[in-house]
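Spelled out, the chains give:
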Amino acid sequence: MSDCPPELLIIELFSGGSHSQLLSFLTSLTPHHLSLTLPDSKWHWRARCGALQLLPQLRDHVTTPPQTLFISSVGSLPEVLALCPVLAQARKVLYFHENQLVYPKQKGQERDYQYGYGQILSALAADLVLFNSHYNMNSFLESVDPFLNKMPDFKPKGIAQEIKSKSRVLYFPLHFPPSLRTDWSPEALHIVWPHRWEHDKNPGDFFACLEELIASGHEFRVSVLGKSYGEVPKEFGDFQTAHSDMIIQWGPLVSRDEYLHHLQTADVVVSTAHHEFFGVAMLEALWAGCLPLCPNRLSYPEIYPKECLYNTPAQLTKQLRQLCKHPGLAKQKWDRVIGSVDLEKFSAENLREHYCDALGLENR
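Residues numbered from 1 in each chain as written. Predicted model: local features only at pLDDT ≥ 70, side-chain atom pairs only at ≥ 80, totals over all residues. Heavy atoms only, no water.

A. Highlighting the pattern of salt bridges. Within this structure, the stated rule accounts for twelve salt bridges. For Asp127, the salt bridge is made with Lys92, and the minimal N-O distance between the two is 3.5 Å. A residue pair is termed long-range when its members are at least 10 positions apart, and Asp127 in the loop between α4 (113-125) and β5 (128-131) and Lys92 in strand β4 (residues 91-96) qualify at 35 residues. Among the charged side chains, a network of salt bridges with common partners joins Arg196, Glu198 and Asp200. (Salt bridge = Lys/Arg side-chain N within 4 Å of Asp/Glu carboxyl O. Helix = DSSP H or I, 4+ residues; strand = E, 2+ residues; numbered from the N terminus.)

Quick look at the structure:
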């Protein structure tokens, strides 16, 4: 790297999915940028050791401080600063895609204190802390002090307030293609589930709901998209084996264009998540013409009207049962929902100025 520092240095220790989407958006804000990344695998190792794994890139490419350092909350900002002290001179912006203080535990497992503690330290080390939703920000700030009170002694005071004073919400920038869907003619309801194949997305409730629909004789088709990381919950294999004749697509599609096109063939998009701080996939599916059905928790009430929210798995099953009987209802309900959700406030084009302001960049 030359001695001329970049305006923007982006560090992403888990570069894939929505993290890669954000990275692509950030690099469009200025031609004077540098991105240092690690691939999106082995999340736990990235969270614990990512800064050290990035050290060769830091040594090769960072010799003078950038104007602004942007890093997601997967990595440890204090460790990055310790390994590359010149970065302490930059404006340091930390972005929370998610927070570990309210991450759901699997049965029989204890919460790993270190992940949440690391995010608190990163927030303290940053000059500006950005969250992708009000739910993400509020759940983190409300959990900081109770989390730190687990310490047996020398419990720090006022940490949540210190972080709050430099925190703000900046929604995730979505790129919506220019043309909306125009064709709805379902013979059987097409349900799509476009989430990570992991326990925090609660696939058990989703597949249990589908099993109820099948047992009661309802006709539908299903696409289970998303990506798996390591061990896949048992429910996926069980459903695929038992009901392959009902499956349109199983697993991720090759390209983003194929993915968005496939969403435009579905009628309903379902979330059963225990862990969601924004929900890129749900909003993309809404744009594509899918009626969203989401649990009445997490970030969903912040974004969707009550018509899209359910309180119990039984309520979800009831709504899907009605839509299986009358597939055309999905389009009627979608027409109402698309008129009440302000997709423009999530548009990358409209958020560009806000990101430039947060990062101290000229809006080109």
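The structure having been displayed, the exposition proceeds.
B. Quick peek at the sheet that holds strand β3 (residues 68-72). One open sheet holds the six strands; their spatial order is β2-β1-β3-β4-β5-β6, and the pairing between them is parallel. The sheet is open, and its two borders are formed by β2 (33-39) and β6 (167-169), each paired with just one other strand. Between one strand axis and the next, the sheet turns by 20° as a mean value, whatever way the strands run. Relative to β2, strand β1 (residues 8-15) is paired through six bridges, and the arrangement is parallel. (Pairing = 2+ DSSP bridges. Axes fitted to C-alpha atoms, helices over the stretch in contact; angles between N-to-C directions.)

C. View of empty space enclosed by the protein. Scanning the model with the defined rule gives one cavity of 30 Å³ or more in all. When its volume is computed, the largest cavity comes out at roughly 30 Å³. Along its surface, the largest cavity is lined by Ile10, Glu12, His19, Leu22, Leu23, Leu26, Phe70 and His97. Taken together, the elements giving at least two residues each to the lining of the largest cavity come down to β1 and α1 (17-27). With four residues, the top contributor of residues to the lining of the largest cavity is α1. Residues that form the lining of the largest cavity fall into these classes: five nonpolar, two polar and one charged. (1 Å grid on protein atoms, 1.4 Å probe; cavity = no way out; pocket = protein on both sides within 12 Å on 5 of 7 lines; lining within 4 Å. Points joined across faces, edges and corners; volume = space filled by probe spheres on them. Nonpolar A, V, L, I, M, F, W, Y, C, P; charged D, E, K, R; others polar.)

D. Focus on the packing of aromatic side chains. Tallied over the entire structure, the rule returns 25 aromatic pairs. Taking 5.2 Å as the distance between ring centres and 80° as the angle between the ring planes, the aromatic pair formed by Phe207 and Phe236 counts as edge-to-face. Of this pair, Phe207 sits in helix α7 (residues 203-215) while Phe236 sits in helix α8 (residues 234-242), and the two are 29 residues apart along the sequence. The buried category is assigned to Phe207, whose relative accessible area is 4%. Ring-pair connections join several aromatic residues into one group, and the members of that group are Trp193, Trp197, Phe206, Phe207, Phe236, Phe239 and Trp250. Its end group placed over the ring of Tyr115, Arg48 keeps NZ or CZ at 4.9 Å from the ring centre. (Phe/Tyr/Trp six-rings, centres within 6.5 Å; stacked < 30°, edge-to-face > 60°. Buried < 20%, exposed > 50% of the residue type's maximum accessible area, 1.4 Å probe, protein only. Lys NZ or Arg CZ within 6 Å of the ring centre and 35° of its normal.)

E. Layout of the environment of Gln332. Mapping Gln332 onto the fold places it in helix α13 (residues 328-340). When the C-alpha atoms of Gln332 and Leu291 are compared, they prove to be 9.2 Å apart, with 41 residues separating the residues in sequence.

F. Examining the environment of Ser165 more closely. Topologically, Ser165 is positioned in the loop between α6 (159-164) and β6. As for Ser165 and Leu298, which are separated by 133 residues in sequence, their C-alpha atoms are 23 Å apart. Within polar-contact distance, the side chain of Ser165 engages the backbone oxygen of Glu162 at 2.7 Å. (Polar contact = N/O pair within 3.5 Å; in protein donor to acceptor, adjacent residues only side chain to side chain.)

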